[in-house]
Amino acid sequence: RCALSKLLNLRRCSSISGVANNIGRLKVAGVCNNDILYFYCIKIRSVLESSCPIFQPMLTQQNREDLERVQKIAFKIILSDSYISYENSCIILVMDTLEERRKKICLRFALKCLKHERLSGLFKLNTPSNNNLRKPEKPDKFKVPYANTSRYMRSPVPYLTCLLNEYFSSSIQS
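Chains are numbered independently. Their residues run from 1 in the order of the written sequence. For a predicted model such as this one, the threshold for reporting local features is a pLDDT of at least 70, and the threshold for listing and counting side-chain atom pairs is 80 or more; totals across whole chains, interfaces and linings nevertheless cover every residue. Values shown for side chains rest on all heavy atoms present in the structure; no hydrogens or waters enter the calculation.

## Things to note about unusual backbone geometry
- Even without being glycine, Ser51 reaches a positive phi, approximately 60°.
- Under the scheme used here, helices are H or I runs from DSSP no shorter than 4 residues and strands are E runs no shorter than 2 residues, and both carry numbers assigned from the N terminus. Here Ser51 shows up in the loop between helix H2 (33-48) and helix H3 (52-55).
- Phi is positive for Ser80, which is not a glycine, with a value near 40°.
- Of note, Ser80 is situated in the loop between helix H4 (61-79) and helix H5 (86-92).
- Burial classes follow relative accessibility: with a 1.4 Å probe on protein chains only, a residue under 20% of its type's maximum area counts as buried, one over 50% as exposed, and anything between as partly exposed. Take Ser80: its relative accessible area is 39%, and that puts it in the partly exposed class.

## A look at the packing of aromatic side chains
- Only rings of Phe, Tyr and Trp enter the pairing, Trp through its six-membered ring, and a pair is recorded when the two centres are within 6.5 Å. The plane angle decides the type: under 30 degrees is stacked, over 60 is edge-to-face, the rest tilted. Applying the stated criterion across every chain yields a total of five aromatic pairs.
- Seen from their ring centres, Tyr40 and Phe75 are 6.1 Å apart, and the 65° between their planes marks the pair as edge-to-face. Placement of Tyr40 in helix H2 and of Phe75 in helix H4 is noted, with a sequence separation of 35 residues between them. Side by side, Tyr40 and Phe75 carry an identical accessibility label, which is buried.
- Look at Phe142 and Phe168: their rings are 5.8 Å apart centre to centre, the planes differ by 50°, and that puts the pair in the tilted class. In this pair, Phe142 is assigned in the loop between helix H6 (98-115) and helix H7 (150-153) and Phe168 in helix H8 (residues 156-173), connecting sequence segments 26 residues apart. Pair check on accessibility: Phe142 and Phe168 agree, each one buried.
- If you follow Lys141 out to its NZ or CZ, it ends over the ring of Phe168, 4.4 Å from the centre. Charge-over-ring contacts are defined here by two conditions on Lys NZ or Arg CZ: a distance within 6 Å of the ring centre and an angle within 35 degrees of the ring normal.

## Re H2
- Remark: the principal bend of H2, roughly 35°, maps to Cys41.
- What H2 keeps buried is the set Ile36, Leu37, Tyr40, Cys41, Ile44, Arg45 and Leu48. Throughout, the bend at a residue refers to the angle made by two axes, fitted to the seven residues ending there and to the seven starting there.

## Quick word on the pattern of salt bridges
- Salt bridges are defined as contacts in which a side-chain nitrogen from Lys or Arg sits within 4 Å of a carboxyl oxygen from Asp or Glu. Counting across every chain of the model gives seven salt bridges.
- The residue Arg45 makes a salt bridge to Glu49 at a minimum N-O spacing of 3.9 Å.
- Each of the salt bridges in this network shares a partner with another, and the network as a whole consists of Arg45, Glu49 and Arg101.

In structure tokens, the structure reads:
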């Protein structure tokens, strides 16, 4: 089995029931919601986000839903009777969804890579010679590596390159 499957199976089996048990115990013990949320962020969410710049592009929709379910359960326990929906609880607790957080973490990682002496070579600048036959109206800043296979296209470098292009195109428009 690949490392990703092992990691997600570990997260799915132990974390979902573990989250409910740990957070439920804190709730029953009378710990305030802010402290329970802090515990969740430090002890549980950090595990769910570990190595996300590597794993994020490879996650299937089922994997993403499994990871979001952990946070959804935690929010449901924290808010108890005040819980209406996951989206509403994200607003009430001033938290992003895990999907949004993983994307932000990946973008921060890619921006740090650009500044790093050795890692900046991962992202090739898009020069006029890189724009083969067609010239887009606004070319991307970085050339997305050519992928022979869909497996490579779902790997970190093409994903992070696309994120950087998205970031720089949105910052130019703003």
